[in-house]
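Residue-level structure breakdown
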Amino acid sequence: MRRSPTDTAESARKISRRALFLGGSQLAFMGALGLRMRYMQVDQAEEFRLLADENRLKIHLLPPARGLIHDRSGTVIAENEQTFRIVIRKEDAGELDIVLAELQRLIGLSQEDQDRVRKELKDAGPSAPVTILDRLTWEAFSAVAANAPALPGVSPEVGLSRNYPLKDDFAHLTGYVGPVSDYDLSRMDRIDPLMRIPKFPIGKSGIENMLEDSLRGSAGTVRVEQNVHGRIIRELERKEGEPGSNVQMTIDHRLQNFVQARLAGESASAVIIDVETGDVLAAGSTPAFDPNLFVRGISVANYNALLENIYRPLPSKSVQGAYPPGSTFKMVTALAALEAGVVTPDETVRCPGYVEVGGRRFHCWKRAGHGNVNLTGSLRHSCDVYYYELAQRAGIENIAAMGRKLGLGDRYDLPLPGLSSGLMPDKQWKRDNRGAEWVVGDSLNASIGQGFVLTTPMQLAVMTARLATGRAVVPRLIKSIDGIEQPIFGNEPLDINENMLRSVRQGMYEVTNNSRGTAYASRISADGMRMSGKTGTSQTRNVVVNNKNVPWEERDHALFVAFAPHDAPKYALSVVIEHGGGGSSAAAPVARDLMLFAQHGTVPPLSSYPQSQQGTIRERLKNLTLREDTLQGGERTSA
Amino acid sequence: MSYLEQNLKTVPTGISKVLYINWPLVVLLTAVASVGFIMLYSNAGGSFTPWAEPQMKRFGVGMVLMLIIAMVPIWFWRTVAGVGYALSLVLLLVVEFFGDVGMGAQRWIDLGFMRLQPSELMKVTLVMFLAWYYDWLDVKKVSHPLWVAIPVIMILLPTALVLKQPDLGTALLLVFGGAIVMFAAGVSWWYFGAVAAAGAGLIAAVFQSRGQSWQLLNNYQYRRIDTFLDPSSDPLDSGYHITQAKIALGSGGWTGRGFMQGTQSQLNFLPEKHTDFIFTTLAEEFGFLGGISLLLLYAGVIGFCLISAMNNKDRFGALVTLGIAATFFLFFAVNMSMVMGLAPVVGVPLPMVSYGGSAMLVLMVAFGIVQSAHVHRPRRKS
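Every value quoted in this text rests on a predicted model; they were computed, and no experiment measured them.

So, the overall build of chain A
A tally of helices and strands in chain A yields 24 helices and 21 strands. Looking at chain A residue by residue over its 639 residues, the buried ones come to 54%. Carbon and sulfur atoms provide 50% of the accessible area of chain A, an area that totals close to 28000 Å².

Written as structure tokens, this is what we have:
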């Protein structure tokens, strides 16, 4: 195609004009970009710098080490154990199948765990650690660490986890920790920022729960620079937290172990307290459970097994179980009547085997009757009719007042959850709660620890300690926190006539030391260790028949309370065996073994038992499953 | 018109051509690419792998390619312009139907040694084809409706294919790049006015069609527009990109946070920091001074191209130079507007700086043509 030179020149000029226009427009646009850049980078720089810092600078919490729990001798009951675990992070992980196959080869990772890891990893953030396996053995842990290059994204980590080395023995006292739940958070007034850490362990029951604020400690903080995935690049500033307070219990771990072993096989409870200080030396409850199971995440099957067990392993029977005290209550009735001046220790009451009151016949446990009995005789024989008479003379208000004076109906200030206050009924209580007037029959039932009266094993032990000392002994479970001795209460006298107390103690002495006493078979024959006590058999239904032929849950509760040594009381205890049958046959032998262990500080020598029984006792003690250091014994540190 | 027709004028021949290469432009392009190497090195946390080293190799290959192309007479390129356009169109159709699936869109052909994006190729061949067209067309017919309709169809054909991929950024570049060649060729102002009015109408239609059966854009494109209009509305998803980019850019200040000290880029808060958002790394680490320096380098590239075009009496050479300069301008103007929050995120890389093979090589080829036009421009016999 031909084109004239003028055309060409004209078109070239036109192109140049338009090129200039284009260049001008482009320059203008670049100028605008430059201005925008200046506006953002100079005028708004401060603002954006702040936003950039907000992106990268984060404050992380450092969980403090939880306070330890010791027994009175300093033995560790709850500790923080180093645990080894391996985690995987998505952002660093290579081919997951290869990694998991390698782990299967190295440490035998199960197919279930592999599937779980796959599933959790799918939902996890890129740098969120997904636990592959927790609580590895050191061998498995080091095998993984040594093969790190073949396991991209897998990192071995060391953590702290609560451990209860004595397992079942302290389950009901220490309780256990578990990951904080939404439900826990909803019940807190002030939420510690630590609770925002996923799966942060907090006390779920027992002392762990009640002393949570002391045990937890306070969080430290660390200011870090982190990348977009939350991976920490470097640490800028670190402020260590305060570890939790160490808590020392008044419990003696050997005695506790012996109590648990001795009660094993029964649904039972026993409490032993030091009458001088009120220190609870042992508070057993069987069956128990291993609190470590809860820390590690108990399986549904295991948990259901605990829930459905008719022996109720989960609650602490020593403070949560409320039982009719039966004849162990008779000291209360006796002292109420003596204090009211309606009877003297030597005055006798005739027991024909029953008494008729208000058209109803109230039986003595011995249908044939006891004949004429005085105070000591009534305790020795556990004569019911004597107390029916005293109840009518003293009235329920005096009895209830004496019960309260001796510690019944009281929920002591113990750091255990779900404390039962039992029930010390009076006229007002019945009016308020039953909508009926108190009748004399109620007093008769109450006088022998039946009817409305309910007590916990802890209350019975306190009652016995108060009877033994005449002082208002108050139980103490925590000996010290962070080395600071906790106060001892209860040195003031009970304001009960000492002569009358002495008469009651004499009656209790005869229960176990008089050949006609109900618990003579369970006497301690070692001088200076002699035990005074009282049997109790509390009915769980109205008609008494032979205990052997009724189902377990309908049998009577067997109770025994005791203190020793008789002349200079040091220990008081209570034993309650649910549906155990008779107090003298089931509870008293247990109480004797416990009392002897408490006094010896170790498995009692056979010489403390009556000669004739030593053969069977030897067998019984030999068959107990005790820990090594319980068998060895040791010095008990006193308060 | 052919070389022989310009018999009053002369062009350099043989090895002496090397002296006529637009060397300032070569230096400027090398400087721009070097900014890219530095930022890629920084973005990799102070490492030549995985980005800086391959990018340098590609630049080396591209430089050789550019110089070879520069040595080939410009009329050869004019001759193959039509073939190039047709080939690009065919390749676009091929990726449309047989392309590999990557990044959610079918965009490349695997050549074994590299992945070729026909849409990148089209950016250059379209400009060449239009320059050829206006070189061929009688100057008097330039604004005739029929002769305007033909290039418009030539532009819209590849644009439609690219939009279908879907690649809004490239489509915009094709339309604007083509339009600028038409404008430079002397098409009447009225057409551009009319198109601008129609464009406004189209934008209205785009917004109207949303959620209707005749919806014009994909949902993700609407979301990008939403995000552009209000980045905070979606701070975790698509708005995250632009918010983080603005933070990085803004926090740079006058002189920046220092080489490899940009927290936004080094800690990975910046998305796509080695590709589309690489400018924010520069702005964060070298501040306003760093950013404005790159802008000046770009302005220099554009400036040398414009001077070369204005001094070129060869119509094809002048138009192709202007068209390529305009495409280059559109690349960085759209990319910078995007990272500064002035335009929606459309996925346009920063030319010669962003990591990526196709874009870099195609641009070097394009500048090879610019150089060829420069070297072979008609000169008066001295």
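Structural notes on the overall build of chain B
From N to C terminus, chain B includes 14 helices and 6 strands. Residue burial in chain B is summarised as follows: out of 382 residues, 55% are buried. Pairs at least 24 apart in sequence give 72% of the contacts found in chain B among residues at least 6 apart. Entry remark: accessible area of chain B is about 15600 Å², with carbon and sulfur atoms responsible for 70%.

What about the interface of chain A and chain B?
Each partner contributes residues to the interface: chain A has 40 residues there, and chain B has 57 residues. Buried area between chain A and chain B, summed over both chains or domains, comes out near 4400 Å², and the portion from carbon and sulfur atoms is 68%. In this structure, the connection of chain A to chain B is made through 0 salt bridges. One can count 11 residue pairs in polar contact (both at pLDDT 80 or more) joining chain A with chain B. Looking at the side of chain A that touches chain B, the elements that each hand over two or more residues are helix 1 (5-43), helix 2 (45-56) and strand 8 (220-226) of chain A. Considering every element that reaches the side of chain A that touches chain B, the biggest residue donor is helix 1 of chain A, with 24 residues.

Some thoughts on a nonpolar patch on the surface
Residue and element names in this part refer to chain B. A cluster of nonpolar side chains, contributed by Val152, Leu156, Leu172, Val175 and Phe176, occupies part of the molecular surface with about 380 Å² of accessible area. At the level of elements, helix 6 (145-164) and helix 7 (168-185) are the ones that each hand at least two residues to the nonpolar patch. In terms of residue count, the dominant contributor to the nonpolar patch is helix 7 (3 residues). Following the sequence through the fold, Phe176 ends up in helix 7. Under the relative-accessibility criterion, Phe176 is labelled partly exposed at 45%.

Concerning the pairing of strand 21 (residues 571-577) of chain A
Regular strands place side chains that alternate from one sheet face to the opposite one. All names here are of chain A. Along strand 21, 7 of the 7 residues are buried, which leaves the element largely enclosed by surrounding structure. Neither face of strand 21 is exposed, since Tyr571, Leu573, Val575 and Ile577 on one face and Ala572, Ser574 and Val576 on the opposite face are all buried. Bridge analysis of strand 11 (residues 268-274) against strand 21 gives 7 bridges, and the strand direction is antiparallel. Bridge pairing links Val271 to Ser574 in strand 21.

Points about helix 17 (residues 396-405) of chain A
Residues and elements named next belong to chain A. Buried within helix 17 we find Ile396, Ile399, Ala400, Met402 and Gly403. Seen along its axis, helix 17 keeps its buried residues to an arc of 160 degrees; they face one direction. Buried residues belonging to helix 17 abut helix 14 (330-340), helix 16 (384-394), helix 18 (427-434) and helix 19 (440-447). Phi turns positive, to about 100 degrees, at Gly407, one or two residues after helix 17.

What to know about the packing of aromatic side chains
Taken as a whole and judged by the stated rule, the model has 35 aromatic pairs over all chains. Here the aromatic rings of Phe328(B) and Phe367(B) are separated by 5.2 Å at their centres, their planes lie at 80 degrees, and the arrangement is edge-to-face. You can see Phe328(B) sitting in helix 13 (residues 315-339) and its partner Phe367(B) sitting in helix 14 (residues 357-375), a full 39 residues away along the chain. For the pair shown, Phe328(B) and Phe367(B) are each scored as buried. Members of the aromatic cluster, each reached through a chain of ring pairs, are Tyr85(B), Phe129(B), Trp132(B), Tyr133(B), Tyr134(B), Trp136(B) and Trp147(B). One cation-aromatic arrangement involves Arg361(A) over Tyr354(A); the distance from NZ or CZ to the ring centre is 3.8 Å. Across from the ring centre of Tyr355(B), 4.9 Å away, lies the NZ or CZ of Arg58(B), which sits over that ring.

Quick look at the nonpolar core
With 120 residues, the main nonpolar core has Phe279(B), Leu294(B), Phe332(B), Met336(B), Met352(B) and Phe367(B) as its most contacted residues. Counting residues per element, this core draws most heavily on helix 13 of chain B, at 18 residues. Excluding residues within four positions of it along the chain, Phe332(B) makes contact with Met30(A), Leu295(B), Tyr298(B), Ile302(B), Leu350(B) and Pro351(B). Ile69(A), Ile207(A), Val373(A) and Ala468(A) belong to the second largest nonpolar core, which has 97 residues in total.

Some thoughts on the sheet that holds strand 8 of chain A
Residue and element names in this part refer to chain A. The antiparallel open sheet is built from 3 strands, whose spatial order is 1-8-9. The open sheet is flanked by strand 1 (57-62) and strand 9 (232-239), the only strands paired with a single partner. Within the sheet, the average angular offset between the axes of one strand and its neighbour, ignoring direction, is 30 degrees. Here 6 bridges tie strand 8 to strand 9, and the two strands are oriented antiparallel to one another. The partner of Arg223 across the bridge, within strand 9, is Glu237. Taken strand by strand, helix 2 contacts strand 1, strand 8 and strand 9, and its axis lies near 30 degrees from that of strand 1.

With respect to the UniProt feature "transmembrane region" (unreviewed entry) in chain B
All names here are of chain B. The sites that carry the UniProt feature "transmembrane region" (unreviewed entry) are, in the present numbering, residues 20-39, 59-77, 83-104, 146-163, 170-192, 286-307, 319-346 and 352-370. The span residues 59-77 is 89% helical and 0% strand by assignment, and the distance between its end C-alpha atoms comes to 22 Å. End C-alpha atoms of residues 146-163 are separated by 25 Å, and the span's content is 100% helix alongside 0% strand.

Some points on the state of the cysteines
Counted by the stated rule, this structure contains 0 disulfides over all chains. We note that Cys364(A) lacks a disulfide partner, and the nearest cysteine sulfur, in Cys351(A), lies 3.9 Å from it.

Points about the environment of Gly369(A)
Along the chain, the position of Gly369(A) falls in the loop between strand 15 (360-363) and strand 16 (371-373). Along the sequence, Gly369(A) and Arg350(A) sit 19 residues apart, while their C-alpha atoms lie 8.5 Å from each other.

Some remarks on the environment of Glu157(A)
All names here are of chain A. Turning to its location among the elements, Glu157 is positioned in strand 5 (residues 154-163). Residues Glu157 and Thr131 lie 26 residues apart in sequence; the distance between their C-alpha atoms is 9.7 Å. Residues in contact with Glu157, not counting those within four places in the same chain, are Thr83, Phe84, Arg85, Val87, Arg89 and Phe141.

Here's the deal with the confidence of the model for chain B
Put simply, chain B has an average pLDDT of 86, and 90% of its residues get 70 or more. Taken together, the chains of this predicted complex give a pTM of 0.69 and an interface ipTM of 0.91.

A short note on the side chain of Glu225(A)
Relative to the assigned elements, Glu225(A) resides in strand 8. A distance of 3.1 Å separates the side chain of Glu225(A) from the side chain of Arg56(A), its partner in a polar contact. With residues up to four places along the chain from it excluded, the contact list for Glu225(A) reads Arg56(A), Leu57(A), Arg231(A), Ile232(A), Ile233(A), Arg234(A), Leu236(A), Thr263(B) and Leu267(B).

A word on the pairing of strand 11 of chain A
Residue and element names in this part refer to chain A. For strand 11, the tally of buried residues reaches 7 of 7 residues, placing the bulk of the element in the interior. Side chains Ala268, Ala270, Ile272 and Asp274 project from strand 11 onto one buried face, and the interleaved Ser269, Val271 and Ile273 project onto a second face that is buried too. As paired elements, strand 11 and strand 12 (residues 280-286) share 6 bridges and run antiparallel to each other. Note that in strand 12 the partner of Ala268 across the bridge is Thr286. Count of turn residues in the strand 11/strand 12 antiparallel hairpin: 5 residues, of which Gly278 carries a positive phi of about 85 degrees.

Reading the values: rules and limits
- Residues numbered from 1 in each chain as written.
- Chains lettered and ligands numbered in written order.
- Predicted model: local features only at pLDDT ≥ 70, side-chain atom pairs only at ≥ 80, totals over all residues.
- Heavy atoms only, no water.
- Helix = DSSP H or I, 4+ residues; strand = E, 2+ residues; numbered from the N terminus.
- Buried < 20%, exposed > 50% of the residue type's maximum accessible area, 1.4 Å probe, protein only.
- Areas by Shrake-Rupley, 256 points an atom, 1.4 Å probe, with all protein chains shown as cover.
- Contact = heavy atoms within 4.5 Å.
- Buried area = accessible area lost by both parts, 1.4 Å probe.
- Salt bridge = Lys/Arg side-chain N within 4 Å of Asp/Glu carboxyl O.
- Polar contact = N/O pair within 3.5 Å; in protein donor to acceptor, adjacent residues only side chain to side chain.
- Patch = residues over 30% accessible without salt bridge, like charges linked within 9 Å, V, L, I, M, F, W, Y side chains within 5 Å.
- Pairing = 2+ DSSP bridges.
- Arc of directions from axis to C-beta.
- Phe/Tyr/Trp six-rings, centres within 6.5 Å; stacked < 30°, edge-to-face > 60°.
- Lys NZ or Arg CZ within 6 Å of the ring centre and 35° of its normal.
- Core = buried A, V, L, I, M, F, W, Y, C linked by side-chain atoms within 4.5 Å.
- Axes fitted to C-alpha atoms, helices over the stretch in contact; angles between N-to-C directions.
- UniProt positions renumbered as here; feature names shortened; annotations may be inferred.
- Disulfide = S-S within 2.5 Å.
- pLDDT = per-residue confidence, 0-100.

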